[in-house]
Amino acid sequence: MADWSAPQDLVRFDDPYHAWAYLADHSAGTRSTDALCPVVIEILPENNTYASLIEALERFADEFLGNSDDGIPLANKSNPNYPFVVTGYDKAHFQRSMNWLEFQENGSEGEDFFEKTAYLRLYLVYAQEDTLFDRENNLWENPLFDILFAGRAVRNRATQEGVTEGASAVPKNANVELTIIDDSIAFLNDAFSTDPGTRTAKTRFRNIWFQDKERFVEGVLYEGARLNQENIQDLLDQRINSTEAELYRRGIVTFIEDVVFRPLDPTSEEHQPLAFKASHGTHVAATALRSFDQAVEAGQQSNEEPETPSVVDLNAITVPTFATQDTSGSTVASYIISAMRQAMLWNDERYDTSPSGHTAPDDPVPLVMNCSYGFTAGPKDGSHSLNTTLQRLLDARNAIDRPTALVVPMGNSYEDETVASTDGLDEETVASTGALHHGKTIELDWVVLPDDQTPSFLEIYARAIGDAPGNTDIKVDLIAPRKGIGPLSVIAHEARSAEGRVLREQDGPPLGLWSSWPPASGSDWSRRAVLALAPTKTQRAGYGTVPAGNWRLRITNMSETPIEVLAMIQRDDAPGSYPLISWQSYFEVPRGSASLAQITGKRTASVMASCKCKHVFVAGAGVGKSDDQDQMPVGASPYASAGPRLPQSDGPDATALADRSPYFVGIYGSGTYSGTQVLMSGSSVAAPVLAGKLAAKRITSTDNWPGHDFDSSHVEQRPEASRLGFAI
């Protein structure tokens, strides 16, 4: 008999997704001491004065940024409570931050400047996972810093050599930068060179960072492989006597002595994206560059562009494969932050970075980044740690005349039946809209499918309606589809900071986890809970499975206050071009049930799409009328996610063509290798179209966004047209 019981060592962590991963991995005997976690920390000064912030930063530098003889930061091994590994990459950001602070302190903007920056935070220091979760080490109450986020473990690869970070020379003619953050990008593809296929072909890439080439050597974490333009051109020149496929398969590149690529191995069971005919990152990067070129050409023909046309520097950052394969989507957040910071460092090469101050050129070089990732794990009201971090980073750079923008997709979950809400019910009076009154229950079936090799997640949110006093206590019951698994019955008390239950069979592996945490500061919700269920199929020794079927979910209002309840199933499907090892769970209303919840397409947008920052542009997927790839969308694609995202709209900022017609799904883009084309669909392929156009027009803020710059007669007035956003 498997029963839910209070855990003996439930990890108090702000991200229950990682609490589940920690619990499952430790139960299966995974040695987390063999792994490192990316960690987001925030420096905590003794008070809020500018001087104390400087003092705290200097103290952190003294304790954790010490140098070895060869100038590479090492872990502070003298204090086992703080086993951080700080890379040279992180130190570069830290030193640049200190330079800025010292410069501003001596100037007139001082404290006001610091309030506008994101430099309170360091984003990718590393720590042993065990230490992070071992509360006896008192990291949570440490007076110097606080842990805001920790990603999944990064496995050590001590057998590989370190990587030199060479910086590329900054060209003088480019006046805009376009950086693509995605999975594997086939950087030798003809789509990314001038005069393709000839001996005079020149790469259009300036920098590439492969995040998944991490190495941990003698106490030092070398964070990926970075190639500059000279490195990339050397490889491109080798295509005269070899094909790009052979270069990828060979895996060894000789242009720089200590860069060693793992070759593509056809006998390996590990996923190798560049071995596939389609690579999501290649399609996205080629689409963005094509969109940029077309926008520049169109502007020159119409004389709408300035006399000096936009000339682009193209950069790429590939996130680790294991982060892409995490179907909850939560692992990738820290790598997106890291990628953005690297893109900003490359952009900073154009500026005077001397310790005496940073001087912006008379004509700044805007940076437009495209990150065609989306995930539904977490709150969608702007309070997610990733969203607040993105906003602080982007606002800080734009405040110092370094125009920077980020383009993200809206999402593709409108038809997935993953959201159920009381919102919109009881519409007889406006005051009672969405109300779940005292003692009333909503009832749903959470349908978990067979042969699913990934865990399934469900989030529950609650908040009081109107100004009625009282709490928002809710009772949650979860009944398994077969006997032998005891039902979960627990009350989420508003007054408690955290509580949890673990589903186990005696001393067996965990089969489920109930976690209840207060939402993050700034959230619109007062209660948050997460249910995790183990996979229904596994090939990993030591991991448990749960039965497939209909898990009956009941949520009851235990407070006197009318409340609104929201239940959201998280993304659980395999990303494009990745092996299909998972199936999307979904909601059903039980037959004969008088459930007070409705299954809806609202609130299906990606978490990143809810970022409340005018420098974040959100792209939606649109559908055309025919197979003409260059046409305008006439409506939202059926799967295009909806908000609410902004007060003015349920839709994105702009919609680009993602499906050529209702019967011709997808748009053509570059395959992995030169001369190949593949069809891909979704808002992730609409986003680079928007990014390319923004880069061509050098737009980095919605303050300069043209708004409704399309002829509404092109748009068919169907219900989904409201999900198109502001522009096409």
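To be clear, the structure that these remarks concern was listed above.
Residues numbered from 1 in each chain as written. Predicted model: local features only at pLDDT ≥ 70, side-chain atom pairs only at ≥ 80, totals over all residues. Heavy atoms only, no water.

1. Some remarks on the pattern of salt bridges
Any two side chains of opposite charge can pair, so long as their charged atoms come close to each other. All told, the structure shown has nine salt bridges when counted by the stated rule. One salt bridge connects E564 with R463, and the closest N-O pair in it is separated by 3.2 Å. Here the residue E564 occupies a position in strand β26 (residues 563–569), and R463 occupies one in strand β19 (residues 456–464), the gap between them amounting to 101 residues. Each member of the pair, E564 as well as R463, is classed as buried. The closest approach of N and O atoms between K614 and D703, which form a salt bridge, is 2.7 Å. Linking K614 in the loop between β28 (598–600) and β29 (616–623) with D703 in the segment after α12 (683–697), this pair joins segments that are 89 residues apart in sequence. In this structure K614 comes out as partly exposed when scored by relative accessible area, which is 38%. Under the relative-accessibility criterion, D703 is labelled exposed at 54%. (Salt bridge = Lys/Arg side-chain N within 4 Å of Asp/Glu carboxyl O. Helix = DSSP H or I, 4+ residues; strand = E, 2+ residues; numbered from the N terminus. Buried < 20%, exposed > 50% of the residue type's maximum accessible area, 1.4 Å probe, protein only.)

2. Some thoughts on the state of the cysteines
Tallying each qualifying case throughout the model produces zero disulfides. Free of any disulfide, C611 has its nearest cysteine sulfur in C613, 5.2 Å distant. Taking the relative accessible area as the measure of exposure, C611 reaches 2% and is therefore buried. (Disulfide = S-S within 2.5 Å.)

3. Considerations on the environment of N704
Position of N704 relative to the elements: it lies in the segment after α12. For N704, a relative accessible area of 54% puts it in the exposed group. When the C-alpha atoms of N704 and K614 are compared, they prove to be 9.9 Å apart, with 90 residues separating the residues in sequence.

4. Some details on the environment of P366
Its location among the elements puts P366 in the loop between α10 (333–348) and β15 (367–371). Each C-alpha atom of the pair P366 and R402 lies 6.7 Å from the other, and the pair is 36 residues apart in sequence. Aside from chain neighbours lying at most four places away, what touches P366 is N175, V176, E177, N347, P403, R698 and T700. (Contact = heavy atoms within 4.5 Å.)

5. Some words on the sheet that holds strand β21 (residues 488–492)
The antiparallel open sheet is built from five strands, whose spatial order is β21-β20-β25-β18-β27. For this open sheet the edge positions go to β21 and β27 (586–588), each flanked by a neighbour on one side alone. Between one strand axis and the next, the sheet turns by 25° as a mean value, whatever way the strands run. Where strand β18 (residues 441–448) lies against β27, three bridges are found, and the strand directions are antiparallel. (Pairing = 2+ DSSP bridges. Axes fitted to C-alpha atoms, helices over the stretch in contact; angles between N-to-C directions.)

6. So, the pairing of strand β25 (residues 549–557)
The sheet contact formed by β18 and β25 spans eight bridges and is antiparallel. Bridge pairing in β25 places L444 opposite L553. Note that strand β20 (residues 474–479) and β25 share six bridges and pair antiparallel. In the sheet register, L478 faces β25, and the bridge partner there is L553.

7. Focus on the side chain of D452
Looking at the secondary structure, you find D452 in the loop between β18 and β19. K537 is the oppositely charged side chain nearest to the buried, salt-bridge-free D452, at an N-O distance of 10 Å. (Lys, Arg positive; Asp, Glu negative; His and termini not counted.)

8. Brief notes about unusual backbone geometry
Cis peptide bonds are those with omega within 30 degrees of zero, and the linkage from G643 to P644 qualifies with 15°. With respect to the helices, strands and loops of the structure, P644 is situated in the loop between β30 (635–636) and β31 (654–659). Phi is positive for E417, close to 55°, though the residue is something other than glycine. By the element assignment, E417 lies in the loop between β16 (404–409) and β17 (419–421). For E417, a relative accessible area of 39% translates into the label partly exposed. One non-glycine residue, D451, lies in positive phi territory at about 60°.

9. Description of the packing of aromatic side chains
To describe a pair of aromatic rings, you give the distance between the ring centres and the angle between the ring planes. All chains considered together, the criterion is met by four aromatic pairs. When the centroid spacing of 5.0 Å and the interplanar angle of 50° are considered together, the rings of F192 and F205 count as tilted. Linking F192 in the loop between β7 (176–182) and β8 (193–194) with F205 in strand β10 (residues 205–210), this pair joins segments that are 13 residues apart in sequence. Ring centres 6.3 Å apart and planes at 70° place the aromatic pair F664 and Y668 in the edge-to-face group. Judged by relative accessible area, which is 33%, Y668 ranks as partly exposed. The ring of W525 carries the charged tip of R463 above its face, separated from the ring centre by 3.8 Å. Taking NZ or CZ as reference, R723 lies 3.7 Å from the ring centre of Y414, over its face. (Phe/Tyr/Trp six-rings, centres within 6.5 Å; stacked < 30°, edge-to-face > 60°. Lys NZ or Arg CZ within 6 Å of the ring centre and 35° of its normal.)

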